[in-house]
Amino acid sequence: MATWSFRRHMKDEQKASALRMTNPLAQVIEQTRISARALLEFGNHIINPTIRLGVTGMSGAGKTIFITALIHGLIRGGRFPVFEALASGRICDARLAPQPDDAVPRFDYENHVRALVTERRWPDSTRQISELRLIIEYQSQRGSMRTLTLDIVDYPGEWLLDLPLLTKSYHQWSAESLALSLQQPRAALASHWHDHLKTLDPKGPQDEQSALTAAALFTDYLKACRDHRYAMSMLPPGRFLMPGDLAGSPALTFAPLDVPQAISPPNDSLWAMMQRRYESYKTAFVQPFFRDHFSRLDRQIVLVDVLSAVNAGPEALHDLDAALASILDCFRLGRKNLLSALFSPRIDRILFAAAKADRLHSSSHERLEALLRRIVERAAARARFAGSEVDVIALAAVRATREVMISQGSSHLPAIVGVPVSGEIIGRKIFDGRTDVAMFPGDLPADPEVLLKDPEAFRGLTKASVQDADFRFPRLLPPALQGGEDGEPSLPQIRLDRALQFLIGDRLQ
Ligand SMILES: Nc1nc2c(ncn2[C@@H]2O[C@H](COP(=O)(O)OP(=O)(O)OP(=O)(O)O)[C@@H](O)[C@H]2O)c(=O)[nH]1
Ligand SMILES: [Mg+2]
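Residues numbered from 1 in each chain as written. Chains lettered and ligands numbered in written order. Predicted model: local features only at pLDDT ≥ 70, side-chain atom pairs only at ≥ 80, totals over all residues. Heavy atoms only, no water.

### So, the nonpolar core
Next up, step 1: If you look at the biggest cluster of nonpolar residues, it comprises 89 residues, and the most contacted ones within it are F294, L317 and F331.
Next up, step 2: Here the element with the most residues in this core is helix 11 (residues 270–292); it accounts for 10 residues.
Next up, step 3: Apart from residues lying up to four places away in sequence, F331 is in contact with Y155, L160, F294, Q300, V302, I347 and I350.
Next up, step 4: By size, the runner-up hydrophobic cluster in this structure holds 46 residues, among which are A397, L491, L496 and I504. (Core = buried A, V, L, I, M, F, W, Y, C linked by side-chain atoms within 4.5 Å. Buried < 20%, exposed > 50% of the residue type's maximum accessible area, 1.4 Å probe, protein only. Helix = DSSP H or I, 4+ residues; strand = E, 2+ residues; numbered from the N terminus. Contact = heavy atoms within 4.5 Å.)

Given below as structure tokens:
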């Protein structure tokens with residue numbers, strides 16, 4: 001029977017093991033493939049300028065809405081005063097075109113627009129990678145006509161959190177996952193899985209039913225952590241929460257075990273079985289994502305649902321902090337040039353965006369931005385050092401609220417007005433999804449440290465009831481839209497134009 005103790009790892013041990021787990025020849029071949037393709041694409045870019053823009057963020061961060069609103073605005077010539085090429089009238093045409101990768105699902109733009117504009121509902125969650133190509137015809141600053149191809153790639157942020165697994169052995173991953181699951185509030189959510197783990201003998205014979213139960217209980221724990229009351233972000237392996245067609249396959253039927261680090265598993269043991277499947281997971285899912293998608297991106301926006309983490313409480317905010325640090329370690333940042341294209345494809349601009357900022361009055365947007373800036377500051381400094389440009393903004397791709405000042409005696413309070421989705425609770429009221437309400441979601445502090453340095457800094461849904469939480473940023477219905485000149489309304493937004501200017505503005509000069 002396994003002993004119930006979680007072992008700590010030494011850094012040297014980790015490095016040695018990472019080396020053992022990766023095959024240098026395979027790595028060189030893989031790197032050569034990536035470099036050769038990057039060089040080819042770099043050459044193509046010179047003849048036919050193209051930007052591959054990666055849009056990522058954790059589940060529910062706002063990727064689908066961001067891409068839909070961005071394309072809608074570009075195609076229909078939306079009101080984007082800060083996006084210079086469009087505001088000055090230099091963009092003559094923007095249209096969708098068949099995407100370049102036949103094996104990647106198309107981003108379902110038309111259905112997403114219909115949901116938002118005609119049905120007044122948010123599009124359904126999308127759980128896989130998708131892509132869309134946009135052709136932008138514009139007049140350069142010097143007056144000549146040019147074309148920019150914009151490939152937009154929507155992929156789950158959870159897949160990014162899988163990339164560090166590539167250099168982690170099974171025992172390292174097991175130990176880290178177990179140690180994390182002992183922290184609060186995770187420990188309470190992991191109790192069923194922990195109880196089952198105590199019954200397993202890693203050195204005993206391999207057993208499919210034990211593996212299935214362990215994987216199911218481990219997945220339940222990850223799902224519980226993702227619930228909006230906890231809003232945890234660090235939940236690898238990413239495909240456990242979004243298995244798609246591959247649910248139940250052996251590469252998704254493993255879980256951490258409490259195993260010693262210095263020795264190899266006995267043949268045909270449960271431990272050997274789990275280790276084999278963990279390695280298959282990396283080969284089947286993580287490596288292809290890295291090779292076929294991630295390594296090809298030129299620019300990146302990372303959407304972050306900071307307000308949902310604040311809703312949940314200090315632990316969620318710290319977890320978000322750790323997840324973003326881990327994500328940022330994955331990016332290969334730096335200035336793009338022929339050498340970097342040959343040896344190591346780079347992302348030369350990266351934007352961190354606090355999404356859904358319309359859930360806060362505009363007078364607090366700077367504070368929201370400051371909070372995200374503080375969370376990504378270490379990685380942003382590293383990226384700048386490597387020659388990448390980094391920016392942080394608060395935006396709302398589709399603005400679902402309007403702002404009002406409410407008088408209380410002699411003072412005026414800045415509030416937002418929107419329609420909370422059916423079932424949302426604010427104070428003691430449960431909403432029906434039809435009623436407008438003026439809200440004061442809570443004031444973010446001027447100094448973001450106040451929220452980050454103390455695990456008891458504020459009360460969120462993790463610890464307090466809905467009525468007693470210090471912040472409340474409810475989910476809202478999309479805005480009611482008025483028809484535009486040609487009958488189709490434009491989508492209201494906050495700083496989507498600034499995001500576009502940063503992400504592609506320099507390539508439309
Ligand atoms: N108020 C407001 N809510 C938004 C905005 N963008 C997204 N939301 C809300 O966030 C939810 C998730 O947005 P999506 O764009 O579907 O998020 P996603 O990152 O694509 O999520 P997955 O596909 O599940 O990974 C939506 O259903 C809306 O409730 C916004 O700009 N303003
Ligand atoms: Mg989506």
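Continuing now.
### Focus: the site of ligand 1
Next up, step 1: Around ligand 1 sit 18 residues, and of these G60, K63, T64, S125 and T126 come closest.
Next up, step 2: Within the backbone of T126, a nitrogen or oxygen atom sits 2.7 Å from an oxygen atom of ligand 1.
Next up, step 3: Here an oxygen atom of ligand 1 sits 3.0 Å away from a polar atom, N or O, in the main chain of V398.
Next up, step 4: Expressed as a share of its isolated accessible area of 650 Å², the protein-covered part of ligand 1 is 91%.
Next up, step 5: Among the residues forming the shell around ligand 1, the class breakdown is eight nonpolar, six polar and four charged. (Near = heavy atom within 4 Å. Polar contact = N/O pair within 3.5 Å; in protein donor to acceptor, adjacent residues only side chain to side chain. Areas by Shrake-Rupley, 256 points an atom, 1.4 Å probe, with all protein chains shown as cover. Nonpolar A, V, L, I, M, F, W, Y, C, P; charged D, E, K, R; others polar.)

### Structural notes on the sheet that holds strand 12 (residues 437–439)
Next up, step 1: An order of 8-9-12 is seen for the three strands of this open sheet, with the pairing classed as antiparallel. Either end of the sheet is taken by a strand with one partner, and the two such strands are strand 8 (402–408) and strand 12. Between one strand axis and the next, the sheet turns by 45° as a mean value, whatever way the strands run.
Next up, step 2: As paired strands, strand 8 and strand 9 (residues 411–418) are joined by seven bridges and run antiparallel to one another. Paired with R402 across the strands is V417, a residue of strand 9. (Pairing = 2+ DSSP bridges. Axes fitted to C-alpha atoms, helices over the stretch in contact; angles between N-to-C directions.)

### Some details on the packing of aromatic side chains
Next up, step 1: Overall, the coordinates contain 20 aromatic pairs when judged by the stated rule.
Next up, step 2: When the ring of W173 is compared with that of Y278, the centres are 5.2 Å apart and the planes differ by 20°; the resulting orientation is stacked. Of this pair, W173 sits in helix 7 (residues 170–181) while Y278 is found in helix 11, placing the two residues 105 residues apart along the sequence.
Next up, step 3: On the basis of relative accessibility, which here comes to 2%, the residue W173 falls in the buried class.
Next up, step 4: With centroids separated by 5.9 Å and ring planes inclined at 40°, the aromatic side chains of F290 and F294 adopt a geometry described as tilted.
Next up, step 5: For F290, a relative accessible area of 17% puts it in the buried group.
Next up, step 6: The class of F294 is buried, set by a relative accessible area of 4%.
Next up, step 7: Here a set of aromatic residues connected by ring pairs shows up, and it is made of Y170, W173, W193, F218, Y221, F240, F254, Y278, Y281 and F285.
Next up, step 8: Seen from the ring of W159, R239 lies directly overhead, with NZ or CZ sitting 3.9 Å from the centre.
Next up, step 9: Against the face of F502 rests R349, its NZ or CZ located 5.2 Å from the ring centre. (Phe/Tyr/Trp six-rings, centres within 6.5 Å; stacked < 30°, edge-to-face > 60°. Lys NZ or Arg CZ within 6 Å of the ring centre and 35° of its normal.)

### With respect to the coordination of the magnesium ion (ligand 2)
Next up, step 1: Donor atoms from the polypeptide that coordinate the magnesium ion (ligand 2) comprise T64 (OG1) and T126 (OG1), at 2.0 to 2.1 Å from the metal. Taken together, the residues T64 in helix 3 (residues 63–76) and T126 in the loop between helix 5 (109–118) and strand 3 (130–139) connect sequence positions 62 residues apart.
Next up, step 2: The exposure class of T64 is buried, given its relative accessible area of 10%.
Next up, step 3: The class of T126 is partly exposed, set by a relative accessible area of 30%. (Donors = N, O, S within 2.8 Å, 3.2 Å for Na, K, Ca; no water.)

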